[in-house]
Each structure stands twice: as C-alpha cells, then as structure tokens.
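What follows is the residue order along each chain.
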Protein chains: 2
Amino acid sequence: MTPMKEDYLKIIFELGGVQKKISNKQIALGLGVAAGSVTEMIAKLVAEKLVIHEPYAGISLTKQGLRFATQLVRKHRLWESFLVQKLNYGLQDVHPEAELLEHETSQRLANALDTFLEHPKYCPHGGVIPDSDGKYNDISHLSLADVKDDEKVTVERFIDNHELLVYLSGTGLHINDKIKGLHHDPFEGPIQVIRMIDQAKIDISYKAAHNIFVHY
Amino acid sequence: MTPMKEDYLKIIFELGGVQKKISNKQIALGLGVAAGSVTEMIAKLVAEKLVIHEPYAGISLTKQGLRFATQLVRKHRLWESFLVQKLNYGLQDVHPEAELLEHETSQRLANALDTFLEHPKYCPHGGVIPDSDGKYNDISHLSLADVKDDEKVTVERFIDNHELLVYLSGTGLHINDKIKGLHHDPFEGPIQVIRMIDQAKIDISYKAAHNIFVHY
DNA sequence: ATTAAGAGTTCGGACTGCCTAAAATTTATT
DNA sequence: AATAAATTTTAGGCAGTCCGAACTCTTAAT
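Each chain has its residues counted from 1, running along the sequence as written. By the order in which they are written, chains take letters starting at A while ligands take numbers starting at 1. Residue-level local features of this predicted model are given only where pLDDT is at least 70; pairs of side-chain atoms are given and counted only at 80 or more, and the full residue set underlies all totals for whole chains, interfaces and linings. Side-chain measures were taken over the full set of non-hydrogen atoms in the model, leaving aside hydrogen atoms and water.

### Thoughts on the protein's contact with DNA strand C
Here, proximity means that at least one heavy atom of the residue falls within 4 Å of the molecule or strand. Taken together, 21 residues sit near DNA strand C, with A34, S37 and E40 of chain A together with K25 and H53 of chain B positioned nearest. In DNA strand C, atoms within 4 Å of the protein come from the sugar-phosphate backbone in 74% of cases. Identification of polar contacts relies on pairs of N or O atoms within 3.5 Å, with a donor-acceptor requirement for protein atoms, meaning one able to donate a hydrogen and the other able to accept it, and with residues adjacent in sequence counted only if both atoms are side-chain atoms. Taking S37 of chain A, its side chain carries an N or O atom lying 2.6 Å from a phosphate oxygen of DNA strand C. Separating a base nitrogen of DNA strand C from a side-chain N or O atom of E40 of chain A is a distance of 2.9 Å. Helix and strand assignments come from DSSP, with helices taken as H or I runs of at least 4 residues and strands as E runs of at least 2, each series counted from the N terminus. Listed by contribution, the elements that provide at least two residues to the surface near DNA strand C are helix 1 (3-14) and helix 3 (35-47) of chain A together with helix 2 (24-31) and helix 3 (35-47) of chain B.

### Section: the protein's contact with DNA strand D
Around DNA strand D sit 21 residues in total, of which K25 and H53 of chain A together with T2, A34 and S37 of chain B are the nearest. Close to the protein, within 4 Å, the atoms of DNA strand D are drawn from sugar and phosphate at a rate of 75%. Separating a phosphate oxygen of DNA strand D from a side-chain N or O atom of T39 of chain A is a distance of 3.0 Å. Contact distances for DNA strand D include 3.2 Å between a base nitrogen and a side-chain N or O atom of E40 of chain B. Sorting the residues of the surface near DNA strand D by element identifies helix 2 (24-31) and helix 3 of chain A together with helix 1 (3-14) and helix 3 of chain B as the ones contributing at least two each. Looking at which element gives the most residues to the surface near DNA strand D, the answer is helix 3 of chain B, with four residues. Residue composition of the surface near DNA strand D, grouped by class: nine nonpolar, eight polar and four charged. Polar here means any residue outside two lists: the nonpolar Ala, Val, Leu, Ile, Met, Phe, Trp, Tyr, Cys and Pro, and the charged Asp, Glu, Lys and Arg; Gly therefore counts as polar.

### Section: the environment of K180 of chain A
All names here are of chain A. Along the polypeptide, K180 turns up in strand 5 (residues 178-184). Type-normalised accessible area, obtained with a 1.4 Å probe on protein chains alone, sets the label of each residue: buried when under 20%, exposed when over 50%, and partly exposed for intermediate values. Looking at K180, the relative accessible area reads 23%, which means it is partly exposed. Placed 60 residues apart in sequence, K180 and P120 show a C-alpha to C-alpha distance of 27 Å. By definition in these notes, contact holds between two residues if any of their heavy atoms fall within 4.5 Å. In contact with K180, not counting residues within four places along its chain, are D150, E151, K152, Q192, V193, I194 and M196.

### Some points on the UniProt feature "domain: HTH dtxR-type" (unreviewed entry) in chain A
What UniProt calls "domain: HTH dtxR-type" (unreviewed entry) maps, in this numbering, to residues 1-62 of chain A. Across residues 1-62 of chain A, helical content stands at 53% and strand content at 13%; the span's end C-alpha atoms are separated by 16 Å. UniProt positions are given in the numbering used here, feature names are shortened, and annotations may be inferred rather than shown by experiment.

### Looking at helix 5 (residues 94-101) of chain A
Within helix 5 of chain A, burial applies to V94, E97, A98 and L101 of chain A. With its buried residues spanning 95° around the axis, helix 5 of chain A presents them on a single face. Residues of helix 5 of chain A that are buried sit in contact with helix 4 (63-85) of chain A together with helix 4 (63-85), helix 5 (94-101) and helix 6 (107-116) of chain B. It is the directions from the helix axis to the C-beta atoms whose arc is reported.

### Regarding the interface of chain A and chain B
Many structure descriptions define interface size as the accessible area lost when the parts assemble. Tallying the contact residues gives 18 residues for chain A and 18 residues for chain B. Two parts placed together each lose some accessible area; with a 1.4 Å probe, that loss summed over both constitutes the buried area. At the boundary of chain A with chain B, total buried surface from both sides reaches about 1,700 Å², with 66% on carbon and sulfur atoms. It is L87, E104 and R108 of chain A in chain A that bury the most area against chain B; as a group they hold 32% of the surface buried on that side. What counts as a salt bridge is simple: a side-chain nitrogen of Lys or Arg found within 4 Å of a carboxyl oxygen of Asp or Glu. Along the contact surface separating chain A from chain B lie two salt bridges. The closest approach of N and O atoms between R108 of chain A and D93 of chain B, which form a salt bridge, is 3.1 Å. Counting every contact that joins chain A to chain B gives six residue pairs in polar contact (both at pLDDT 80 or more). Mapped by element, the contributors of at least two residues to the side of chain A that touches chain B are helix 4, helix 5 and helix 6 (107-116) of chain A. Residue composition of the side of chain A that touches chain B, by class: 11 nonpolar, two polar and five charged.

### Overview of the sheet that holds strand 4 (residues 152-158) of chain B
All names here are of chain B. For two strands to count as paired, DSSP must find a minimum of two bridges between them. Read from one edge of the open sheet, six strands run 3-8-4-5-6-7, paired in antiparallel fashion. Two strands lie at the open edges of the sheet, namely strand 3 (142-143) and strand 7 (201-204), each paired on one side alone. Pairing analysis gives four bridges linking strand 4 to strand 8 (residues 212-215), with the strands arranged antiparallel. The residue of strand 8 that forms the bridge with V155 is V214. Simply put, an axis is a line fit to the C-alpha atoms, just over the touching stretch for a helix, and the angle between two N-to-C directions goes from 0 to 180 degrees. In the packing of helix 7 (residues 162-171) onto the sheet, contacts are made with strand 4, strand 7 and strand 8, and the angle to strand 7 comes to roughly 160°.

### As for the relation of the copies chain A and chain B
Superposing copies: least-squares fit, C-alpha atoms only, residues required to have pLDDT of at least 70 in both. With an RMSD of 0.2 Å, the fit of chain A onto chain B corresponds to turning through 180° and sliding 0.0 Å along the axis. One copy is carried onto the other by what is essentially a two-fold rotation axis. Every residue of chain A has its C-alpha some distance from the rotation axis, and the shortest such distance is that of L101 of chain A, at 3.3 Å.

### Here we look at the domain arrangement of chain A
Domain parsing of chain A yields domain 1 (3-61) and domain 2 (142-215). Between the C-alpha centres of domain 1 of chain A and domain 2 of chain A the distance comes to 32 Å. As annotated, the domain borders come from an automatic or database domain assignment.

### Comments concerning the nonpolar core
Buried residues of nine kinds, namely Ala, Val, Leu, Ile, Met, Phe, Trp, Tyr and Cys, make up a nonpolar core once their side-chain atoms join them within 4.5 Å. Core analysis: the biggest nonpolar cluster contains 34 residues, and W79, F82 and L87 of chain A together with W79, F82 and L87 of chain B have the highest contact counts within it. The contacts of F82 of chain B, once residues within four sequence positions are left out, are F82, L113 and F116 of chain A together with L87, L113, F116 and L117 of chain B.

### Observations regarding the sheet that holds strand 8 (residues 212-215) of chain A
Residue and element names in this part refer to chain A. An order of 3-8-4-5-6-7 is seen for the six strands of this open sheet, with the pairing classed as antiparallel. Lying at the two open borders of the sheet, with one neighbouring strand each, are strand 3 (142-143) and strand 7 (201-204). Two elements, strand 4 (residues 152-158) and strand 5, share three bridges in a ladder whose sense is antiparallel. Looking at the pairing, K152 lines up with K180 of strand 5.

Next comes the structure, spelled out in structure tokens:
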C-alpha cells in the first residue's frame, strides 16, 4: 500500500463508490491527475482486489477496498479532531495536515489517538468517525439549501473544504447551532437563517448552503 | 525535499556529519541501501547545496543541510515525546512511528506540538530536542562503559534502538537514575551498577553499556 | 613497491506513478 | 441512423529511487 493508492481508495469511497460505480473522470478531477493515470492505477488496485472495474462503465470498492478506505477516513478525522481539540488549530487549517498524517498512521496509533481523544464520534466539521472495525452510522444528506422557510433544523456537518470553512468562520455559523430558515433570495442569492439561541440573523451564500448538512 | 532525502540528511547528522566526513558505507549501512544508491543520492544533495562531498574522502553537511537535519530530529523527538507522554506508548515502541510522522510534519505542526507538550527539553530516551531555530545544547558523550568503579553518575540518554530499549526495560534502568559503578567483569562481561535511590543492583551488558550515556 | 582487499563510483536496468497523445468506445445531438 | 462530443483506454515517455555488476581509487600488507 502506498499513499497514492490510499488516496485513490479514499476518493472512490468519498464519491460514493460503495454502491455506485464511479467514473474515471470523477477520480481524475478529485485527485488532480490525468485520466490515463487513473486507468493505470485502477488496474493495479483491481489486481489487489481492492476495487472492481468494468471498463467504460465505472469503478467501485470491494469489501476489502472499503475496509481500507474507512480506516483512512477514520485516521484523517481523528487527526483533525486532535489538531482542533489539542493543538488549537482552526477548523479550516486541519485538512492538509490530516491529509499527510493519515498515510503514516498505524492501526495502533489510530487506536491510541482515539482513546486519548476519548472516542470522539464526530470530526470538527461534523463527519462521523468510523470505529476501529470500520463501522459508522451514516448521516443525513439534507442540505441547508433544501430547508424550507420557517423550518427549524440543527447544523450537522460541513463539507471539508478550505474555502468553505474560511467563509463559514466569517459568518459565525457553527456545527450544532439550531437554526430556522428565514428567507431564500431568488436567483441563487443568499439564504437567511436565524440562530435560535441568540436570534442572530446569518446570511449564507447559495453555494455554501449546498455544502452544509442539517437534520431535524 | 522527499522523505528519502530527509533520511539521508538525518543519518549524516546522526553519524556526526557536522564536523566529520561520513563515509558512503556508513550511510548505506544505516539506511539499508546499496552503496551505489548513496553515491547517486549524495550527488543530488550536493546539487541542492545540502551536503559537501569529496569523492572517496567523505560527506558532510552544509549549514543548510544541518538546518534541515536538526528540524527533522526536532520533529522526530517531539513525536516520541507525544507518544510516550500522551498516548502511553512504551519507550521501545515510539521510534518507528516517529520515523514516519516526522516526514509529514510542518513547521507549524511541530511548534503546536511543542507548545502542547509544554516545550520538553528531552525526548523519552534522553536526547535533546532542538528548538524551532535548530539550536540545541550538545550532550555528554560519556558512555556507561567508560565509568570507573565507584564513580557516581546520572543516566542521561539511551541510543534510540529498539533492541537496546527492550533490553533496558527488562533491567529496570531509567533515564535520570543516579547510579554508581560497581564492577566491570573482564572479557566484555556485564557491568554492575547500583542505583543510589533504592540500592538496587543492576547488571548491564557490555554492549548495552556502550549505548548508554551518563554525566557526573 | 607491488599487490590484494576494501570502499567508492559509474553504468545499465527495474519499478512506480505521473504525463501527453492517439485510438477506442460510449453518449448525445441532429 | 449518422455524426459529433465526451469519456476511457492504450501506448510511449519521463523522473525519482532503487539494485547489482563492473570499474576505479585508496589503503594495508607483504
């Protein structure tokens, strides 16, 4: 296993490669490599029985590939939790560090970190941390953009994207805030919400709202 | 900079490449690579002005190469400290984990870790942790093997070697123990010492004694 | 001083993972 | 259904780092 192979498995997982077949292009875009490189690497992962590849149709994870991928997600999110909780990193700064550390993290280290952090369930931007067996409860996929006016919801998760997190740290919206939809501006304009606890009105851009997940 | 280049710089440093010229063979042995690979990599490091190479004579670090090397040692030892202090690793288990993590550790992360650990001066086996400017006070090179009978010394540092540390954890000898030399068996036999605090008699093998450093 | 051993260097070859360009296949449009 | 567009695969190359073998240089021993 190499860091790049791990990255391929992880992105296939993140693109939904557990059920769906993922396209070559999605992977190439996600990793920033050429399409030819993807085909080549996928062939290696097929040989290791980590993915299934139907030429021209798509790629998906085997059970074994899924195991690797969830462990990687676990390591990534444990490191993010560590960086925020213990080293006082800002939400928006943890991703690149975790991206590197996850590849050099043994099972033992992951478990020790998990214990040290007292078995966190969620990473700092709300993603579920799989347990050491790779189990995890999937989460809502209700985006803030789909919340109707006057509905009350709780902020659950942000997509782990630097620009988004920087933007959100400006708005003051946080994970676990209870909010109420107030108003959708037309033409992909901002969405206004009100935070229940302090009645603060917060504007969220249309695009950001699609990357914020909530639950009732 | 790649992990392997970093490993080359670090081992040159550890073999004493700040003053002395280090031989190709020492590096090859230390890293477990072929002699030819060393010559080749050294040529690259020369091109980057990180080492000086006099063909057939030896290799030493430039000022720049030394900076890289000390930062690497700093990261390595900070991780070792973290693993022992926070994650309850045993002394003998930290080296391989730190070996991997050090290469994926940004300056910022090293500093955050240093703060979190409250600026430790020494790593778990007694090595000095260089500060963020790469400064560090060099340590004694008086090995336990050279201590005369009846001299009282303090255990300062163990060489960071798995087998040695496993062996030592069996003997019960620890960093900062104050001990007195008792008896040198002839023919490279064990060295007996007595721990002042509890008068425990401890036998240390001849070879191990050469890898334990003490000060008065 | 010569020679043999040891150490260092050079060279050709391998492997990984990337790229670009060309060819093949699928999908979409007319 | 035919063609155009998009996607995927194939093929040939490049860079990094490794190896082993052959050659060169230094050192130690005769």
